[in-house]
Amino acid sequence: MKKVFVKSYGCQMNVYDAERMADMLATEGYSETKAMEEADLVILNTCHIREKAAEKVYSELGRVRELKKEREASGQETKVVVAGCVAQAEGKEILRRAPAVDVVVGPQNYHNLPALLNKSRSERVVDTEFPIEDKFDHLPAPSKARTRSRGVSAFLTIQEGCDKFCTFCVVPYTRGAEVSRPVAKILDEALRLADAGVRELTLIGQNVNAYHGEGPDGSVWSLGRLLHRLAEVPGIARLRYTTSHPRDMDDELIAAHRDLPAVMPYLHLPVQSGSDRILDVMNRKHTGDEYRRLIERIRKAQPRLALSSDFIVGFPGETDAEFEETMRLVADVGFASSFSFKYSPRPGTPAAEIDAQVPEPVKAERLARLQNLLEIQRQAFNHGTVGQTLDVLLEKPGRHPGQMAGKSPYLQAVQIETDRHAVGEIVTVRITQAGSNSLFGEWVGPGSQVAA
Ligand code: SAH
Ligand code: SF4
Ligand code: F3S
């Protein structure tokens, strides 16, 4: 049997795509390996979001080239595929820079992989045209055993692409225009996942809350309505969704946080900056105060909400005072967890053309200050859950024998001492201690969260 090694960089969309590629190749006779050295087919599923992410691919390809040569010397062939967002953004350029690469395939084209691999026997191939047909219609569903092996929490792509064109971001170019999958297709996939033991679905999309898919009755469904339907799927106890844009948090979605126990009290809602001028130049289409008021409304619907965000520091032209406004917004709102980045100019994006780029040391200093504040807030949030009883979805054996690891509703990792519970159970746990990366707790009873 031939072996495939897939490595994914970047966001959850890539994790999901990597699984779909492996599923498809399984039907072509490939088994998955975690050791690149023994792979007949190496796939790098790449990310273009920041320069560092994109450059990582080329250093990895250097390593792959050595491997390919070594295997060749012992009479073994290795095919090398670059997929994902760098593939989409750079296309042919990758063939020029990386001689080891046989196939370059974009995120909307990977259903063509078997045909492309075939073609690559005689020539190096690039497939990055945005296709008319929907790749999802061509992707085989994984076997129940494969789904089971991936655990009780699964990603489900419901929406792809982005029409927002924030001036710093490559996603609208690498992933194309916004497309929502029809409700019936999503429901089929959810039923199949639940049937294989999945208890928690994370609906994913670059702009997931802009979801507007065709319903079974032909009308357009919002994310709020879709969540109501998915909450009825037998076995599914928890629903999450990511990533959302503040402009698309509509009333129906906010109400779902109040009305559906399955919708977890956790929300990743990137704000990027606290300065109105910077937000405007970023083309985010909202102000800092609009974000504050929005959070107030969501917290009114779900007072236990744990909030998370992405931030960019050192956007072109960002002054000290404007950066302080970001610090103020963080202090005002309070975040349970966050991701923060130094602005990275990306080729082809409007912000990269702005003259007033912020010097690297200034970016570094701002990032350190912001991350320090965010870390204090994260620790405070985690310590605040000590003494509380929380539902924990058990996901896998814990670090030590007799322990299990799971997730709280707030997406915190929780370790509990137990030898009588199974993966996939939701149990009630009293949190006894907060470590730097996970919580510790003791079992107090069966979970209150029952599956539909
Ligand atoms: N669709 C999501 C996020 C997509 S990218 C949203 O609208 O928020 C994930 C995060 O990467 C972004 O939220 C942003 O914080 C960061 N990011 C995107 N482009 C960047 C760039 N050029 N430099 C630094 N960070 C960037
Ligand atoms: Fe990028 Fe903005 Fe679209 Fe998010 S909303 S993917 S940051 S362009
Ligand atoms: Fe990266 Fe593409 Fe995701 S650029 S963040 S892998 S959409």
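Here, the structure is the one placed above.
Residues numbered from 1 in each chain as written. Chains lettered and ligands numbered in written order. Predicted model: local features only at pLDDT ≥ 70, side-chain atom pairs only at ≥ 80, totals over all residues. Heavy atoms only, no water.

Trainee: Which residues make up the nonpolar core, and what values go with them?
Mentor: Leu203, Leu223 and Leu227 are the most contacted members of the largest nonpolar core, which totals 53 residues. For leucine 227, the contacting residues outside a window of four places in its chain are Leu203, Leu239, Tyr241, Leu253, Ala256, Leu260 and Val263. (Core = buried A, V, L, I, M, F, W, Y, C linked by side-chain atoms within 4.5 Å. Buried < 20%, exposed > 50% of the residue type's maximum accessible area, 1.4 Å probe, protein only. Contact = heavy atoms within 4.5 Å.)

Trainee: How would you summarise the environment of serine 448 if you had to cite specific residues and measurements?
Mentor: Here serine 448 is to be found in the segment after strand E21 (439–446). A sequence separation of 187 residues divides serine 448 from proline 261, and the C-alpha atoms of the two residues are 9.9 Å apart. Setting aside residues up to four positions removed in sequence, serine 448 forms contacts with Asp391 and Thr428. (Helix = DSSP H or I, 4+ residues; strand = E, 2+ residues; numbered from the N terminus.)

Trainee: Give a description of the site of ligand 3 that names residues and reports values.
Mentor: In the vicinity of ligand 3, the contacting residues are Cys11, Asn14, Thr46, Cys47, His48, Ile49, Cys85, Arg175 and Gln206. Taken together, the residues of the shell around ligand 3 break down into four nonpolar, four polar and one charged. (Near = heavy atom within 4 Å. Nonpolar A, V, L, I, M, F, W, Y, C, P; charged D, E, K, R; others polar.)

Trainee: So, the sheet that holds strand E17 (residues 389–397): which residues are in play, and what are the values?
Mentor: One closed barrel holds the five strands; their spatial order is E17-E18-E19-E21-E20, and the pairing between them is mixed. On average, each strand axis in the sheet is inclined to that of its neighbour by 55°, with strand direction left out of account. The pairing of strand E20 (residues 426–434) with E21 spans seven bridges and is antiparallel. Within the sheet, the bridge partner assigned to alanine 434 lies in E21 and is leucine 439. (Pairing = 2+ DSSP bridges. Axes fitted to C-alpha atoms, helices over the stretch in contact; angles between N-to-C directions.)

Trainee: Provide a residue-level description of the pattern of salt bridges, including the pertinent values.
Mentor: Counting across every chain of the model gives 35 salt bridges. Ionic pairing is found between glutamate 93 and arginine 96, a salt bridge with its closest N-O pair at 2.9 Å. Here glutamate 93 pairs with arginine 96, and both are found in helix H4 (residues 92–97), just three residues apart, close to one helical turn. The partner of arginine 366 in a salt bridge is glutamate 318, and the shortest N-O contact between them spans 2.9 Å. Of this pair, arginine 366 sits in helix H14 (residues 360–384) while glutamate 318 sits in the loop between strand E15 (306–313) and helix H13 (320–333); the two residues are 48 residues apart in sequence, bridging distant segments of the chain. Judged by its relative accessible area of 5%, arginine 366 falls in the buried class. Several salt bridges converge on common partners, so that one network encompasses Arg20, Asp23, Glu32, Arg146 and Arg150. (Salt bridge = Lys/Arg side-chain N within 4 Å of Asp/Glu carboxyl O.)

Trainee: Describe the packing of helix H12 (residues 288–301) against H13, with residues and values.
Mentor: Interhelical geometry of H12 versus H13 gives an angle of 15° and a closest axis separation of 11 Å. Relative to H13, the element H12 lies roughly parallel. Both H12 and H13 take part in a crossing whose hand is right-handed. Note on element contacts: H13 touches H12 through Arg328, Leu329, Asp332 and Val333, opposite Gly288, Tyr291, Arg292, Ile295 and Arg299. Partitioned by chemical class, the residues of the contact of H12 with H13 number four nonpolar, one polar and four charged. (Parallel < 35°, antiparallel > 145°, perpendicular 65-115°, else oblique. Left-handed = near helix turned anticlockwise from the far one by under 90°.)

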